[in-house]
Amino acid sequence: MISWERSINIKSPVEIEIMREAGRINAEALSAAVSLVEPGVTTQALNSAFEKVQKKYKVYSPFKDYPGPYPYPASICTSVNEELVHGIPSNRKLVEGDIVSIDCGTVYQGFVGDMSVTVPVGNVSQLTGRLIAVTRKALDIAISKMEIGHTTGDVGHAVQTYVEGEGFYITRTYTGHGVGRKMHEGPQVPNYGKPGRGMQLREGMTIALEPMVLVGTSSTTVKADEWTVASADGSLTAHFEHTVVVTANGPEILTLI
Ligand code: MF3
Ligand code: CO
């Protein structure tokens with residue numbers, strides 16, 4: 001479904017500077033969408049708010065027209081409750097107690113920033129709050145492992161150990177990925193794995209880390225719209241993502257305002 005370009009492209013300092021700006025604009029546009037989240041707002045309105053900021057900077061989303069069962073029809077993905085990733089913005093109104101993951105990308109001077117957050121709509125249950133907190137912390141753990149010489153298996157193992165220790169589940173079907181001139185480059189970075197396995201991380205690698213966490217199962221299903229990925233058992237899910245570069249001084253997040 002998602003077409004993967006597996007080549008790993010090491011970025012120069014100049015390219016990393018461009019990706020820092022792509023990531024910054026992406027984070028600013030995302031925050032415009034996040035600030036609208038409240039009961040009654042439609043997911044399409046979040047897409048519009050995001051696009052408005054992109055227009056201001058004359059940048060665009062790599063999601064729009066991304067190849068799949070049919071070209072992806074929006075600039076962001078909005079995945080509500082049991083929807084894990086790739087939900088399509090629509091006239092669906094968010095209601096109190098929902099959670100919505102907003103996943104978004106920006107192309108600036110030919111380079112991509114890729115980022116996602118999961119946001120509560122009004123007050124949410126204790127379990128829902130814990131799911132969000134665990135998924136957010138899983139991303140921090142992944143980022144902390146982005147050191148030269150570590151492997152993608154080290155990253156995945158750390159995420160899996162933490163998330164499963166909290167009693168939640170990790171999908172095997174969707175993973176983090178290298179990112180650069182293309183939204184999906186190598187290496188693939190699963191949120192599960194064994195220490196020492198996979199690809200070694202090198203200075204100048206830029207990777208979108210994105211733990212996807214499910215409350216009741218690791219199995220997913222694709223909805224009738226052919227894009228939206230949901231938990232197979234209808235249980236809640238959450239997703240956070242940052243674009244990160246491996247440097248001699250450790251990991252640096254590129255998708256910050
Ligand atoms: N940003 C998502 C990812 O991290 C994918 C977006 S799918 C698209 O891989 F079709 F919307 F582009
Ligand atoms: Co991504």
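So, here is what we can say about the structure in this document.

Conventions we followed
Residues numbered from 1 in each chain as written. Chains lettered and ligands numbered in written order. Predicted model: local features only at pLDDT ≥ 70, side-chain atom pairs only at ≥ 80, totals over all residues. Heavy atoms only, no water. Pairing = 2+ DSSP bridges. Helix = DSSP H or I, 4+ residues; strand = E, 2+ residues; numbered from the N terminus. Axes fitted to C-alpha atoms, helices over the stretch in contact; angles between N-to-C directions. Buried < 20%, exposed > 50% of the residue type's maximum accessible area, 1.4 Å probe, protein only. Expected span 1.5 Å × (residues − 1). Contact = heavy atoms within 4.5 Å. 1 Å grid on protein atoms, 1.4 Å probe; cavity = no way out; pocket = protein on both sides within 12 Å on 5 of 7 lines; lining within 4 Å. Points joined across faces, edges and corners; volume = space filled by probe spheres on them. Salt bridge = Lys/Arg side-chain N within 4 Å of Asp/Glu carboxyl O.

Quick notes on the sheet that holds strand β11 (residues 229-231)
Pairing is antiparallel across the open sheet formed by 3 strands, whose spatial order is β2-β11-β10. Edge positions in the sheet fall to β2 (83-85) and β10 (220-222), since each of these pairs with one other strand and no more. With direction set aside, neighbouring strand axes in the sheet form an average angle of 45 degrees.

As for the pairing of strand β14 (residues 250-253)
Examined bridge by bridge, strand β13 (residues 242-247) and β14 share 4 bridges and lie antiparallel to one another. Paired with V245 across the two strands is E252, which belongs to β14. Linking β13 to β14, which pair antiparallel, is a turn of 2 residues.

Quick look at the pairing of strand β1 (residues 76-80)
Burial runs high along β1: 5 of the 5 residues are buried. Residue alternation in β1 divides its side chains into two sets, I76, T78 and V80 and C77 and S79, and both sets are buried. Here β1 pairs with strand β3 (residues 99-108) via 5 bridges, running antiparallel. Residue pairing for β3: V80 is matched across the bridge by V100.

Considerations on helix α4 (residues 152-165)
With 14 residues, α4 ought to run about 20 Å at 1.5 Å a step, and its terminal C-alpha atoms sit 20 Å apart, in line with that. α4 sits mainly inside the fold: 10 of its 14 residues count as buried. Those residues of α4 not exposed but buried are T152, G153, D154, V155, G156, A158, V159, Q160, Y162 and V163. Looking at the packing, one finds that the buried side of α4 touches α3 (126-144), β5 (169-170), β7 (185-189), β8 (206-209) and β9 (212-214). The positive-phi residue at the C-terminal boundary of α4 is G167, with phi of around 90 degrees.

What to know about empty space enclosed by the protein
Rolled over the atoms, a probe sized like a water molecule indicates the empty space that remains. What the rule picks out here adds up to 1 cavity of 30 Å³ or more. Estimated volume of the largest cavity: approximately 30 Å³. For the largest cavity, the full set of lining residues is A142, V155, V159, G176, V189, P190, N191, L209, E210 and P211.

Thoughts on the sheet that holds strand β6 (residues 176-178)
Reading across the sheet, the 5 strands line up as β7-β6-β8-β13-β14 and stay open at both edges, with antiparallel pairing between neighbours. Here the strands that pair on one side only, and so sit at the sheet edges, are β7 and β14. Strand-to-strand twist of the sheet, defined as the mean angle between neighbouring strand axes without regard to direction, takes the value 30 degrees.

Focus: the pattern of salt bridges
Opposite charge on two side chains makes pairing possible when the charged atoms of those side chains draw close. Tallying each qualifying case throughout the model produces 12 salt bridges. Residue E21 is joined to R24 by a salt bridge in which the shortest nitrogen-to-oxygen separation is 3.1 Å. Linking E21 with R24, this pair stays in helix α1 (residues 13-34), spanning 3 residues, or about one helical turn. What makes R24 partly exposed here is its relative accessible area of 22%. Across the pair E83 and K223 runs a salt bridge whose closest N-O atoms are separated by 3.0 Å. Of this pair, E83 sits in strand β2 while K223 sits in the loop between β10 and β11, and the two are 140 residues apart along the sequence. For E83, a relative accessible area of 9% gives the class buried. Judged by relative accessible area, K223 falls into the partly exposed class, the value being 31%.

Observations regarding the side chain of S101
Residue placement: S101 occurs in strand β3. Excluding residues that lie within four positions of it along the chain, S101 makes contacts with C77, T78, S79, L84, S116, V117, T118 and H239.

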